[in-house]
Structures are given as structure tokens and as C-alpha cells.
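Okay, here's what each chain looks like letter by letter:
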Amino acid sequence: MVTKQDIVNSVPQKGFFGQPKGLLSLFFTEFWERFSYYGMRAILLYYMYYELNKGGLGLDQSTANSIMAVYGSLVYMSGIIGGWIADRLLGTTRTVLYGGVLIMLGHIVLALPGGLTTLFASMALIVIGTGLLKPNISSIVGDLYAENDNRRDSGFSIFYMGINMGALIAPLIVGTVGLQYNFHLGFGIAAVGMALGLIVFWATKKKYLGLAGSYVPNPLTKEERKKIFTTIGIGIVVIAVAGYILITAGIMTIDVFTMIVSILGIVIPTIYFIVMYRSNKTNADEKSRVLAYIPLFVAAMMFWAIQEQGSIILAQYADQRTNLALGSIDISPAWFQSLNPLFIIAFAPVFAWMWIKLGDRQPSTPVKFSMGLLFAGLSFLVMIIPAYMSGTESLVSPWWLVLSFFLVVLGELFLSPVGLSATTKLAPAAFAAQTMSLWFLTNASAQAINAQVVKLYSPENEIIYFGVIGGISIALGFLLFFTAPSIEKFMRGVR
């Protein structure tokens, strides 16, 4: 049986800014994976709704918006499958490697001209691949450190910087090439990015990672393998046959599929909460904390519902409602997708310093969540101002979009890292891993709901659209702020 200390002893412990050398391998792997994903995402919406003579697919804009939301939702939902495969079948290292291969293949397929068929085939590959890679590469980072190693937090901070650096430069490169030259060439660059990540991972994993991620924590027995593989095989065949019949009969349309995903976005987390609360393995204090987690979950869903529209509604706004001539420079609408990681890189250290400085005087978790909702709501409300001042037919200054992205990042820094920390503290002991999956479902559920909400946007009704959604977020923020003391009581000592 491989122990935690065996893993740590097998990893070269110095060599990358005082961190284990394995962090170098994981940093650049995740850098290139995020480069490929955010590069693709920066131009995918435009590829779907641009006319055929501009190299796009010519889809209706509301349909394209809905597909983007469903895509994002499925990416986060698939992480549950990736975690199970790593824990029961392959271990995290091999799961990450196979996930990277599927992602690269997905980008290659998208780089080939083939219409909707290649689009959906690519999405399937990238959804599954990201589900295998994203949750497990973070687990390998944790394997590099002993439990009492004080380098752990700084190591994760360096890793987090790799994520945001990849997301920062991708829209600038892939967005420029995709929009100015050819969409498929842009998707091809994303594929090259993932290929580079795979090369780095493959070339360095044996030397730098040691045993990290190489073992299977809870392997399936021979009997379990046979039973589960048979069930999965039958399930795949049934879904494939049913899908073929429904699609050819015209029943399973894009709208029907997005509605199914939207329903799953509500049903899956509801089942999670019911199972955890009713379980005999959950004691009285933990049941109380599960109840306290529900309003935090709803708040996070509301936040991500706004934040994730940065790559959908605000991307469309950048393309169609924004004056892209800034002095003598012509701005690409895809470049706005770099604002979120840019602001995170700039201000995350400030927030980390602020919480340390405040110490015990810092706001409680529910209050921080309420601040996240307030800033998210403001990021939409400010988008009313240019429409109110100049109407919805004239082009507006790009600085309005910059302000909107800036405000939502402030909200993200109040809510996202705090939510991860709160999840680990409020999770019932018997459901620690599942509760972390539940946190990632806040984003999946938000985007599943967005699949229906984004259909309502049009430049003509943008004042109502931004006003209602922003107003709901602010109202929920105030409600959470005033109910924070009650929620803290249910948290049973967790602040």
C-alpha cells in the first residue's frame, strides 16, 4: 500500500522557485490546457453565429448563446466522472494524460471544416477530456506535499497563476488569428497548445512527479469491474440507440437537449443535498452545516450565472455593440476575454494580503458571499448606463465592458476562493469528496440555467435584461447579508 510519505519521498523536493520539481510539470501542463480551452472559447461563439461567408456556421444567435452555456455546464458536470475514474480505475496521472489526449483531439476535430457534426463531436471530446483532466491535476499538486509542508499554499498559488496566465494570453493569440484570418486556424492553434501541454507532462512526469498520482486510492475489485463495465456498456448502447432514434425522428432538437441539461442542473445538486442530509453517516452537527451550505450554494449559482455570461452575452456585446476602434488600434472582440484572468492576476494577491491583515476581524463566509453577489449585480447594472445614455443602436465605448469585467472579478475574489475553503469545512466527513464535486456543480448548474436565460437577450431589450438579472443578484446579496447571523448559527462553529 502506497502511503502519503512514500509519494512525497519519491518527488524531487526542490528546483522550481523552492517548490517540488513536479510543480513545474503541472504548472506548464495546466497553462497549456487552459490556453487551449480559453483560446477556443474566445472565438467559438462567433464561429457559431457568424454567417457562412465569414467562415462561421450561421446559427441563430440565441441558439449559439444557449449552446455555449450548455457546453460550459457539461464541462463542469463531467468532473464528477473524472474524479471517479481516477479514484477507482486509473489513478490521477493516467487520467490526466488521457484527458489531455481527448482535449487535443477535440480541438483537432474543431480545426477541420465539417459544420455542426464536427462542432458537436469536438464538444463531446473536450467535455469528457476536461472532466478527466481538470479536477485530477489539482489533486496531483496536493500529492507533492506532506500534510505539514508550509509550502503547500504558495505552491497552489503558483499553480493558480499558471491557469490564469494561460487564460490571459489565449484570447489575444487565438482570438486574433481566428477572427482576422480563419476560425479553423485559430482552433488549430488551441490544439497545438494542448499538444505542448501533453509533451511537457509526458516528458517530465516520471522524473519530476515520482509516485504522485500513480496509485489508485480505492480500486475496483475484479467482480466490481465486471459488473460496472457491463452496466456502463449497456448504458452507452441504450443512450446511443435512443439518441439516434430521437434525433432522426426530429424529437431530440438542440432546444430539447438544452432543456434536459437545464433540468439536470437543478436535479443533480438537489439529489446530492438530500442524500447527504438523510444519510446515517451524517451526524447532527454535519446535518446543520449541510443546511447552512444550501444558501451559499444558491448564492454561488447566482454569481456564476452572471460571471459565465462574460463569454456569451458580453462576448456578443463586444462584437456587436462596442466601438472597437481605440485611437489608432482596432480591438478584437475576443480580446475582452483576457480581462478576467488579467484582473485576477492583479488583485488576487491584494485579497490574500487583506484577509491575512484582517485576521479574526475579517467578514464571515456568508458576508463575503453577499459581497460577491453585490459586485456581480453591479457588473450587469453598469451595462444599463450606455444603453440609457445613447440608445441600443449606437456603438458604445469599450471601457464599459472593462468596468463590467472588473466589477465581476472583485465579486469572484470575494466568493470563489472563499467558497472552496468553506466547502472543505462544511462537508460531512463521509461526503468530503462529493461535497467538493457539489461546489463545482454551482458553476455547472448556473450555466445549465443560463442555457435558457441567454435566449432572452437581444440589443433591443438589454436594459431590461441587464437590469433584472443584476437586480436579482443585488437583492439576493442583501438577503444573504441580513440572514448571515442565522446561517452562521447553522454552520456550528465554522466561520
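Here the residue numbering is sequential within each chain, running from 1 through the sequence in written order. Two thresholds apply to this predicted model, a pLDDT of at least 70 for residue-level local features and 80 or more for giving and counting side-chain atom pairs, whereas whole-chain, interface and lining totals are computed over all residues. For side-chain calculations, the full set of non-hydrogen atoms in the structure is used, while hydrogens and water are omitted.

As annotated in an unreviewed UniProt entry, the protein carries the name MFS transporter and comes from Chryseomicrobium excrementi.

A.B. asks: I would appreciate a short explanation of the nonpolar core in the present structure.
C.D. replies: Generally speaking, nonpolar side chains in soluble globular proteins are found buried as a group. In plain words, nonpolar cores are sets of buried Ala, Val, Leu, Ile, Met, Phe, Trp, Tyr and Cys residues tied together by side-chain atoms within 4.5 Å. Type-normalised accessible area, obtained with a 1.4 Å probe on protein chains alone, sets the label of each residue: buried when under 20%, exposed when over 50%, and partly exposed for intermediate values. In this structure, Met-40, Leu-44, Met-48, Phe-369 and Phe-466 are the most contacted members of the largest nonpolar core, which totals 102 residues. Put simply, DSSP H or I for four residues or longer makes a helix, DSSP E for two residues or longer makes a strand, and each gets a number counted from the N terminus. The leading source of residues in this core is helix H10 (residues 284-307), at 13 residues. Viewed by domain, this core spans two of them, domain 1 (10-219) and domain 2 (268-494), each represented by three or more residues. A contact between two residues is defined here by any heavy atoms of the two lying within 4.5 Å. With sequence-adjacent residues up to four places away left out, Met-40 is seen in contact with Tyr-71, His-107, Leu-110, Ile-126, Val-174, Phe-187 and Ala-190. Among the nonpolar cores identified, the runner-up in size contains 20 residues, and Leu-26, Met-104, Val-141 and Leu-144 belong to it. Domain segmentation is taken from an automatic or database assignment of domains.

A.B. asks: Would you mind showing me how to read the side chain of Asp-319 here?
C.D. replies: When you line up the elements, Asp-319 lands in helix H11 (residues 313-320). Counting rule applied: Lys, Arg positive; Asp, Glu negative; His and chain ends not counted. Counted as salt bridges are all cases of a side-chain nitrogen of Lys or Arg within 4 Å of a carboxyl oxygen of Asp or Glu. Buried and unpaired, Asp-319 has no salt bridge, with Lys-54 as the nearest side chain of opposite charge at 7.0 Å. Ignoring any residue separated from it by four or fewer positions in sequence, one finds Asp-319 in contact with Tyr-46, Tyr-49, Tyr-50 and Pro-333.

A.B. asks: Help me understand the packing of aromatic side chains, please; the structure alone is not making it clear to me.
C.D. replies: Centre distance and the angle of the planes are the two values used to describe a pair of aromatic rings. Any two rings among Phe, Tyr and Trp, with Trp reduced to its six-membered ring, count as a pair given centres within 6.5 Å; such a pair is stacked if its planes are under 30 degrees apart, edge-to-face if over 60, and tilted if neither. Across all of its chains, the model carries 27 aromatic pairs by this definition. For the pair Phe-351 and Phe-414, a centre-to-centre distance of 5.2 Å together with 90° between the ring planes defines the contact as edge-to-face. Of the two residues, Phe-351 is situated in helix H12 (residues 339-358) and Phe-414 in helix H15 (residues 399-426); the sequence distance between them amounts to 63 residues. A network of ring pairs unites the aromatic residues Tyr-46, Tyr-47, Tyr-49, Tyr-50, Phe-183 and Phe-187 as a single cluster. To sit over a ring, a charge needs its Lys NZ or Arg CZ within 6 Å of the ring centre and within 35 degrees of the ring normal. Across from the ring centre of Trp-355, 4.0 Å away, lies the NZ or CZ of Lys-368, which sits over that ring.

A.B. asks: Help me out: how do you make sense of helix H5 (residues 115-143) in this one?
C.D. replies: Every α-helix carries 3.6 residues per turn, so stepping three or four residues along brings you back to the same face. One fewer than the residue count of a helix, multiplied by 1.5 Å, yields its expected span. Between its first and last C-alpha atoms H5 spans 42 Å; for 29 residues at 1.5 Å apiece the expected length is 42 Å, and the two agree. The angle between axes fitted to the seven-residue stretch ending at a residue and the seven-residue stretch beginning at it gives the bend at that residue. Residue Thr-130 marks the point of greatest curvature in H5, where the axis turns by about 30°.

A.B. asks: Please explain the side chain of Ser-73 as it appears in this structure.
C.D. replies: Locating Ser-73 in the fold gives a position in helix H3 (residues 61-90). Take Ser-73: its relative accessible area is 0%, and that puts it in the buried class.

A.B. asks: I'm lost on the packing of helix H2 (residues 22-49) against helix H4 (residues 92-111) in this one. Help?
C.D. replies: Two packed helices can be described by the angle between their axes and the distance between those axes. Inter-axis angles, ranging from 0 to 180 degrees, are taken between N-to-C directions of lines fitted to C-alpha atoms, where helices are fitted over the stretch in contact. In contact at an axis separation of 11 Å, H2 and H4 are set at 30° when each is read in the N-to-C sense. Viewed along their axes, H2 and H4 adopt a mutual orientation that is roughly parallel. As for how H2 packs across H4, the hand of that crossing is left-handed. Only Ile-103, His-107 and Leu-110 of H4 make contact with H2, whose side of the interface consists of Glu-33, Ser-36, Tyr-37, Met-40, Leu-44 and Tyr-47. For this classification, under 35 degrees means roughly parallel, over 145 means roughly antiparallel, 65 to 115 means roughly perpendicular, and everything else is oblique. Note on convention: the crossing is left-handed when the near helix lies turned anticlockwise from the far helix by less than a right angle, right-handed when the turn is clockwise.

A.B. asks: Just checking my understanding: could you explain the pattern of salt bridges for this structure?
C.D. replies: Pairs can form between side chains of opposite charge whenever their charged atoms are close. Tallied over the full model, the rule gives five salt bridges. Here Arg-321 ties to Glu-462 by a salt bridge, and the two come within 2.7 Å at their closest N and O atoms. Of the two residues, Arg-321 sits in the loop between H11 and strand S1 (325-326) while Glu-462 sits in helix H17 (residues 462-490), which places them 141 residues apart along the sequence. Judged on exposure class, the residue Arg-321 and its partner Glu-462 are both buried.

A.B. asks: Mind showing me how you'd approach a nonpolar patch on the surface here?
C.D. replies: Here, patches come from residues exposed beyond 30% relative accessible area and free of salt bridges, joined within 9 Å for like charges and within 5 Å for nonpolar side chains (Val, Leu, Ile, Met, Phe, Trp, Tyr). Here, Shrake-Rupley sampling with a 1.4 Å probe gives the accessible areas, and only protein chains in the shown set may cover a residue. Together, Met-259, Ile-263, Ile-266, Val-267, Ile-271, Val-275 and Ile-449 line one region of the surface with nonpolar side chains, adding up to about 550 Å² of accessible area. A per-element tally of the nonpolar patch places helix H9 (residues 254-278) first, with six residues. Tracing the sequence through the fold places Val-267 in helix H9.

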